[in-house]
Amino acid sequence: MFGIGEVFVLMMMGIGGVLSLLGFAFWIWMIIDCATNEPSHGNDKLIWLIVILLANFVGAAIYFFVRRPQRLRQYSKG
């Protein structure tokens, strides 16, 4: 039988695994979003892709909260 400590460790590992998978999916989503939707004026697309790729989840979060809303406002139809 598992003790309380072992159950706690297994639960934390499971939660950590799920959070890691969600972070990885978010990172891939931001790479795809930037590569397909960012306009190719100047080097903006390349710079954002490098930031997202090298800074991993943090770079993806910066892109999501800083650049993506600007792009949606600037280039949205309507």
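Before any of the text, the structure's been laid out above.
Residues numbered from 1 in each chain as written. Predicted model: local features only at pLDDT ≥ 70, side-chain atom pairs only at ≥ 80, totals over all residues. Heavy atoms only, no water.

K.L.:
Just checking my understanding: could you explain the overall build of the protein chain for this structure?
P.N.:
A count of helices and strands for the protein chain gives two helices and zero strands. The globule rule puts the C-alpha radius of gyration for 78 residues at 12 Å, and the 18 Å found for the protein chain is more than 25% above it. Counting only C-alpha atoms, the protein chain reaches 60 × 30 × 15 Å along its principal axes. Put simply, of all contacts in the protein chain between residues at least 6 apart along the chain, 53% involve residues at least 24 apart. Total accessible area on the protein chain stands at roughly 5,800 Å², and carbon and sulfur atoms take up 74% of it. (Helix = DSSP H or I, 4+ residues; strand = E, 2+ residues; numbered from the N terminus. Rg over C-alpha atoms; globule rule 2.2 N^0.38 Å. Contact = heavy atoms within 4.5 Å. Areas by Shrake-Rupley, 256 points an atom, 1.4 Å probe, with all protein chains shown as cover.)

K.L.:
Please clarify how helix 2 (residues 44-75) should be interpreted in this entry.
P.N.:
Side chains three or four residues apart in an α-helix point the same way, a direct result of the helix having 3.6 residues per turn. Look at helix 2: only 14 Å from first C-alpha to last across 32 residues, short of the 46 Å you get at 1.5 Å a residue. In the structure, helix 2 departs most strongly from a straight axis at Asn56, where the bend amounts to approximately 145°. Contacts from the buried residues of helix 2 go to helix 1 (4-37). (Expected span 1.5 Å × (residues − 1). Bend = angle between axes of the 7 residues up to and from the residue.)

K.L.:
Sorry if this is basic, but what is going on with the environment of Asn56 here?
P.N.:
One can find Asn56 in helix 2. Residues Asn56 and Phe24, spaced 32 residues apart in sequence, show a C-alpha to C-alpha distance of 8.5 Å. Excluding anything up to four places from it in sequence, Asn56 contacts Trp27 and Val51.

K.L.:
Looking at this structure, I do not really get helix 1. What am I missing?
P.N.:
Given a rise of 1.5 Å per residue, 34 residues ought to cover 50 Å, and the 49 Å separating the end C-alpha atoms of helix 1 matches this to within 8%. Burial in helix 1 covers these residues: Gly23, Phe26, Trp27, Met30, Ile31, Asp33 and Cys34. Packing partners of the buried residues in helix 1 comprise helix 2. (Buried < 20%, exposed > 50% of the residue type's maximum accessible area, 1.4 Å probe, protein only.)

K.L.:
In this structure, what is going on with a nonpolar patch on the surface? I would like to understand it.
P.N.:
Together, Phe2, Val7, Phe8, Val9, Leu10, Met11, Met12, Met13, Ile15, Val18, Leu19 and Leu22 line one region of the surface with nonpolar side chains, adding up to about 1,200 Å² of accessible area. Within the secondary structure, Val9 sits in helix 1. (Patch = residues over 30% accessible without salt bridge, like charges linked within 9 Å, V, L, I, M, F, W, Y side chains within 5 Å. Salt bridge = Lys/Arg side-chain N within 4 Å of Asp/Glu carboxyl O.)

K.L.:
Can you help me understand the nonpolar core in this one?
P.N.:
Note that soluble globular proteins tend to have their nonpolar side chains buried in a common cluster. Grouped together as the largest cluster of nonpolar side chains are 11 residues: Phe26, Trp27, Met30, Ile31, Cys34, Trp48, Leu49, Ile52, Ala60, Ala61 and Tyr63. Breaking this core down by element, the ones donating at least two residues are helix 1 and helix 2. Counting residues per element, this core draws most heavily on helix 2, at six residues. Setting aside chain neighbours within four positions, we find Ile52 in contact with Trp27, Met30, Ile31, Cys34, Gly59, Ala60 and Tyr63. (Core = buried A, V, L, I, M, F, W, Y, C linked by side-chain atoms within 4.5 Å.)

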